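Chain by chain, the residues:
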Amino acid sequence: MHDPDPYSTPPYGEPGPWAPAPPVQHPAVTPAQGTPALSSGTPAPAPHGSPAADAQPYGSAHPAPQPAAPAPTHPAPGLPSQPQAPAAALQEAPPADAMPAGVPQGTPLGGDPSHGVPAQAVGDGHGMPAPGAAETHPGAGPADPWGRYDPWAGGQVAAPLQQSGVGVLSVEQRHRRVTRALVSGAVVLALVSGALGGLAGAYLERNGGVGTVELPQAGKEPVGRAPDSVAGIAARALPSVVTLHVSGSGEQGTGTGFVLDRLGHVLTNNHVVENAASGGDISVTFSGGQTAKARIIGRDAGYDLAVVQVRGVRGLTPIPLGNSDNVQVGDPVVAIGAPFDLANTVTSGIISAKERPITAGGEKGDGSDVSYVDALQTDAPINPGNSGGPLLDARGRVVGINSAIRSADTGSDLQTGQAGSIGLGFAIPVNQARRVAEELINHGKASHPVIGVTLDMNYPGDGARVGAKGRDGGPPVTSGGPGAKAGIRAGDVITAVDGQRVHSGEELIVKTRAHRPGDRLELTVERDGKTRKVSLVLGSSNSN
């Protein structure tokens, strides 16, 4: 114990005369686990021997103690729940008039744990605890560090202090909270954007968009094409193909031809130019648009071929000639012409058949204008106006001269009607056309290979039968001709040429004209039910 302070300096004596002791307010703190909770305003007993304790006379009456209100059991937000103190641990609050002088209300009375003095309940003035006072357990932390604040105490506050009593989030918890917020925001943004985009798309679709409509289009590409493509073949051949406009004998017609040489010779069909044979007019138009007049050099009705010549034109490009004997069924071909006067028309197809015997013409009735062709058949579209145009192979070489079509309503001759193609076109083989063109250019007329017999064109049987008399009433077998030399007689039936079957007189003529004069043929002949083979050399007959 120490001597009484003559100046009554707080906290050991009474408040000094110079100023009253102000009440100290501190934030509430949740008691640490295991610490008995004290109700607000419940003082702790003063230490034994202090002036405040000794100021109470021994035996003075105390007001009856009232039960202290229980401490709140709900933990502060964000902190774990703490167990409640037993009811026996709660201290009874003395009345305000029993508090030591100079101690503000609500200040707990208790010992200083840092000095080893245990807290005692308010007693009878001799250090004895009052009945029912809570027993202080050793090691129990202070219920309220601010309640017994001593500025001169050397001890530290038992528990960390917080400004508001709310738990502080850790770094990991803050990171998770931020991550959840960002993810939630992203999801909401995506949903809103999708909804807005869908609404905008629906609006644009229903209302045709906004502003001027611009359609997508491919850019420019190189104009060159593969040489063996249809485009490549056409590009090389078109400069050599011409369109012919013919007038004469009160009629007009259109056909096609192609340049043979740089001298201006053009090959076409006879039926294209025959109307100008008696003083008509022929105009030739090239693919580039140039035009020139032409004249007939020679023509042959039996082969349906003609040659005309243009003058005063430079830079002519002859078209290369192929070999029709090399053509096989199924080979690709390209046809160029002016169907219905549509110049420079290109179509394509294949070789459908070879050595197809066809006849065309015959309008005169005497057979002088009938052409016999051992033709190439193609499905490349050929129409009126294509006559005389080239049929090209995959290398752009001429293998045939387009001459006739089979139509559903007008027959096979392109001269009659304006029927269109049904996929049955016929071309003169270029090997035959080349020979005839050379003869027409060099001699003005072509020679025909002949056997020297007159055929019965009305024979209904299979094969070609030699007639009973000749065309002019003479013998059916020309004396001294190839047939007579081979021993052929009237009434004999020729059934094959070089082993290939013939079924009519027209087919025998076609097979014969596929050869040159002077070629040797082997014929199969039936007589009186017997078959024999004979060999002969073809003769020549001039005709225009």
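The model shown is predicted, which means the values in this text are computed figures rather than measured ones. Within any chain, residue numbers begin from 1 and follow the written order of that chain's sequence. A pLDDT threshold of at least 70 governs which residues receive local features in this predicted model, and a stricter bar of 80 or more applies before side-chain atom pairs are shown or counted, although totals over entire chains, interfaces and linings include all residues. Side-chain measures here rest on the full set of heavy atoms in the structure, leaving out hydrogens and waters.

Trainee: Any details on the pairing of strand β1 (residues 241-248)? Residues and values, ideally.
Mentor: Burial analysis of β1 places six of its eight residues in the buried class, which makes it a mostly covered element. Taken together, the eight bridges between β1 and strand β2 (residues 251-259) define a ladder with antiparallel strand orientation. Across the sheet, the residue bridging to Gly248 is Glu251, located in β2. Here β1 hands over to β2 after two residues, with Ser249 in that stretch at a positive phi of 55°. Sheet analysis places β1 next to strand β4 (residues 281-286), joined by six bridges and oriented antiparallel. Paired with His245 across the strands is Ser283, a residue of β4. Burial classes: relative accessible area under 20% of the type maximum marks a residue as buried, over 50% as exposed, and values in between as partly exposed (1.4 Å probe, protein chains only). A helix here means a DSSP run of H or I that spans at least four residues, while a strand means a run of E at least two residues long, and both kinds are numbered starting from the N terminus. Between any two strands, pairing holds if DSSP finds at least two bridges.

Trainee: So what's going on with unusual backbone geometry? Residues and values would help.
Mentor: Here Asp304, not a glycine, exhibits a phi torsion of approximately 55°, which is positive. Note that Asp304 resides in the loop between β5 (291-300) and β6 (305-310). Positive phi is not limited to glycine here, since Asn344 has a value of about 60°. Note on placement: Asn344 falls in the loop between β7 (332-337) and β8 (345-360).

Trainee: Mind laying out the confidence of the model for the protein chain, listing which residues take part and the relevant values?
Mentor: Residue-level confidence of the predictor is summarised by pLDDT, bounded by 0 at the bottom and 100 at the top. For the protein chain, per-residue confidence averages 77 on the pLDDT scale, and residues scoring 70 or more make up 65% of the total. Ignoring residues within four places in sequence, the model shows residues 38-140, a span with pLDDT below 50, making 116 contacts including any to other chains. Counting interchain partners and residues more than four positions distant, the pLDDT-below-50 stretch residues 411-417 has 25 contacts. Contacts are assigned to residue pairs that have any heavy atoms within 4.5 Å of one another.

Trainee: I'd like a description of the environment of Ala306, backed by residues and values.
Mentor: Among the structural elements, Ala306 can be located in strand β6. You can call Ala306 buried: its relative accessible area is 0%. Along the primary structure Ala306 and Ile441 are separated by 135 residues, whereas in three dimensions their C-alpha atoms are 9.4 Å apart. Those residues in contact with Ala306 that lie beyond four places of it in its chain are Val266, Leu267, Thr268, Asn269, Asn270, Val273, Gly298, Arg299 and Leu440.

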